Structure formats: structure tokens, C-alpha cells
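# Examining the three-dimensional arrangement
Residues per chain, in single letters:
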Amino acid sequence: MPAIDRALATVQDPEIKRPITELGMVAAVDVDADSRVRVEVLLTIAGCPLKGTLTRDVTEAVGAVPGVAAVEVELGVMSAEQRAELKQLLTAGQGDREIPFARPDSLTRVIAVASGKGGVGKSSVTVNLALALARRGLSVGVLDADVYGHSVPAMLGVADSRPTSVEEMILPVPTMGLKVMSIGMLKPRRDQVVAWRGPILDRAIQQMLADVYWGDLDHLLIDLPPGTGDVAISLGQKLPNAEVLVVTTPQQAAAEVAERAGTMASMMNQRVVGVVENMSGLVLDCPHCGHSHTTDVFGTGGGEEVAAALTTRIGYDVPVLARVPLDPRLRVGGDEGSPVVAEADPDPRGAAAQLLALADRLASRSRPLQGLQLGLSPVGR
Ligand SMILES: Nc1ncnc2c1ncn2[C@@H]1O[C@H](COP(=O)(O)OP(=O)(O)OP(=O)(O)O)[C@@H](O)[C@H]1O
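Residues numbered from 1 in each chain as written. Predicted model: local features only at pLDDT ≥ 70, side-chain atom pairs only at ≥ 80, totals over all residues.

## Notes on the site of the ligand
Near the ligand there are 21 residues, and of these Gly118, Gly121, Ser123, Ser124 and Gly149 occur at the shortest range. Where the shell around the ligand is concerned, the elements lending two or more residues are helix H4 (122–135), strand S12 (271–285), strand S14 (320–326) and helix H10 (328–336). Among the residues forming the shell around the ligand, the class breakdown is seven nonpolar, ten polar and four charged. (Near = placed C-beta within 6 Å. Helix = DSSP H or I, 4+ residues; strand = E, 2+ residues; numbered from the N terminus. Nonpolar A, V, L, I, M, F, W, Y, C, P; charged D, E, K, R; others polar.)

## Some thoughts on the packing of helix H6 (residues 198–210) against helix H7 (residues 230–238)
Relative to each other, H6 and H7 sit at 45°, their axes nearing to 9 Å. Accordingly, the angle class assigned to the pair H6 and H7 is oblique. In terms of crossing hand, the pair formed by H6 and H7 is right-handed. Residues Gly198, Leu201, Asp202, Ile205, Gln206 and Leu209 of H6 lie in contact with H7, whose contacting residues are Asp230, Val231, Ser234, Leu235 and Lys238. Along the lines of polarity and charge, the residues of the contact of H6 with H7 split into five nonpolar, three polar and three charged. (Axes fitted to C-alpha atoms, helices over the stretch in contact; angles between N-to-C directions. Parallel < 35°, antiparallel > 145°, perpendicular 65-115°, else oblique. Left-handed = near helix turned anticlockwise from the far one by under 90°. Contact = placed C-beta atoms within 7 Å.)

## Some points on the environment of Met1
Mapped onto the elements of the fold, Met1 is located in the segment before helix H1 (2–8). You can call Met1 partly exposed: it has 14 C-beta atoms within 10 Å. Put simply, Met1 and Val31 are 30 residues apart on the chain and 8.5 Å apart in space, counted from C-alpha to C-alpha. (Buried ≥ 20, exposed ≤ 12 C-beta atoms within 10 Å, placed from the backbone.)

## Quick look at the nonpolar core
Within the largest apolar cluster, 85 residues are counted, with the highest numbers of intra-cluster contacts made by Ala112, Val113, Ala130, Ile222, Leu235, Val246 and Leu355. Looking at this core element by element, the count peaks at eight residues for H4. Grouped together as the second largest cluster of nonpolar side chains are 16 residues, Ile20, Val41, Val58 and Met78 included. (Core = buried A, V, L, I, M, F, W, Y, C linked by C-beta atoms within 7 Å.)

Okay, structure coming up:
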């Protein structure tokens, strides 16, 4: 029945984000004399964590077709051959172990979020920015490459999730409209320590970029470890066309290390797109006078200092793109796995409003060629 086929084509696999009909996941559709429909859906792997979502979506879509009396969803599992076909379909045109974002024709804007030192709010900025961009209808992936912290999954409420893998192709974990992959998800257990060094880290980064099925992304946000270590070098080599956002605090003492992270990105030919000053003034409503007062807990001027120093050193304008205030709601959102930008009606003086404005600024910027590698080489005469 074409109407049932059309209804099934509206159901997406929650991880791959493509219609199940295109992915070879609908094995059979039977309609009996009483207009009861039985749909056999093939999961990519047995025990797929999202089978409940799939069953519900298929039941709802087919149940809404006029004339359908009842829907029964039967779940099966793809054979090795069917999985190999699926992998082939998803990676068509992509060379083995090729990083799709490094291709010259890639339309994905990669933004790596860097900081000089830890604890300045790099991961908080990454997850909130990602969610704010996704709320604008953009397709966004988040790659947590912070070997020391990997706090992104917890901040997005998927700390214990593990990605599904289909024939060595890893499907990122879907949450809140984002696709998430973390270096922590490559560990067998959450409490295990990642004690990897150069070459193994490099392989892990390669795997997370090339072996993960990211699909068509508008943005990929990467949470880098603090500082200028191995991961930043690996990513710089693999993704010279990435843009880098430097997060720092207003504290003057933190400025120098943040500058170093920005300079390093530019040495890797990545464009430094701007600076985010986080933990700027704390706004408190005064119980005595009724007005609000701002306390500069970490001083002032750190963001400007980093931006000015990078502008001079790199030779193009590196602006301060946002000043995000200290805001307990941001911390609570991170702890609870529900980023503050998801709040309805954000307080215009709070962190959420500044992070939403940052997403707007970044999304509305066209990608300038200055600072990007064009891959041109002079022709000899
Ligand atoms: N603007 C802010 N207001 C209040 N709390 C904040 C703010 N920014 C970050 N925090 C809190 O500070 C702590 C450190 O933030 P976060 O983990 O984002 O930093 P980080 O730079 O990614 O650190 P690391 O590199 O060590 O992972 C978190 O508990 C976070 O909730």
C-alpha cells in the first residue's frame, strides 16, 4: 500500500537520522483482511538501545494512515551481509579511513573549542553552543576530544551511553537533536582512566573522525583538551580547515596561556575565529536596593587581552565574540545533563542569553578564506 510506504519513509533511524526505508530496515509489510498492519523492522544490532523509539515511531506513523485498524511491529536483526550493505550505503564515495570533514568539498563547519588551561568552561561553552545551533535547525555533531576531562556526555545527559557499531562503523549517540561522540565512549568502563599518549591518541582521534558515521553535518564542535598537547596537534594535522574558538576567563593571569592555545591553532593553519570570555561578572539582585549589581569575581579584561594579542600575533582580526557571565544556572544545567540554553525564556542578563547570541553570531558568519589553507602550490616555470 503506497500510503503505508510513504508513512514508513517518514520514520528515521534515531542514530543514523535517515529514513528506515532507505536503510533497508523494513523487511516486510503485511496488511490482513481486517486492515491490521504488521511491519517487520530490522535493527542494526541485537539489543539496539533505541528499539523502543523505533517501535513507537513506526506504530505512530503507520497508525496515522487512514483506514489502518491496528499496527504490529515485529523486530528482527540485520544479517552480517545486510549490515555490510548498510555500511556500504552510508560510506559510499568515502575512502576507507578518510575523514569526511577534511575533504575540500566538505560543507561542514568544524569549530574546535580550545583553552589555555582547564576549568575555564570550555566544555560548557561547547555543549551550549552545540545545542543553541541545533535549536536553529542546524545539524550538529559534538566530538569530545578532551582526554583529561571528557565531561561532554554528562553535560548532555548521556554519560553512560555507548555508541552502536555496525561493521566497525560507529554510530554517534543521539541526544537532544545532537550527535555525540566522546573519547570516553571508547573506554569499556566509565571510571577507567585514559592514559594514552601520542600515537594511540592520534589513532583514537582518527577513529572518531573517520570511523564514526556523522552523516551530513552543518557544524561539528570539538571539545579539545586544555593546552597545546598531542590532541591539538593531531587535530591540527587532520583538520587544517577547522576554525578555533578560544575560551578564557577575565583573569589577566589566564590570558597568556590562552594566547598560546590560539597561536598554536594558527601555526597549524587553523583559523582562530574569536575569543569567548567565560565567567565574566556575576550579576546578583540586591535584596536591599532592588537593583542588580555585577561582581567581577575573576577581574576584567582577560578576553580583550587574548583577542588583542592574537590579532597582533596572527595578523587578522580576532574578536571577542561573547562574554558569558558567571551564572549558577549554567553550572546546574551542566550537572543535570540539561544545558542552560535549553531553558525556556532565558534571563537576558544570564549565561544562556550570551551563549545563544554567540551561536547566532557564529552561524551568521560566512566562512572567510583568510587563514584557511587552500591547498594551492606554485607552478614551476
Ligand atoms: N559561566 C559559568 N558560570 C557558572 N559556572 C560555570 C560557568 N562556566 C563553567 N562553569 C562551571 O565550571 C566548571 C568547569 O567548567 P567546564 O567543565 O566547562 O570547564 P573546562 O574548561 O571544560 O574544564 P576541563 O578542561 O577541565 O574539562 C563546571 O562545573 C561548570 O559547570
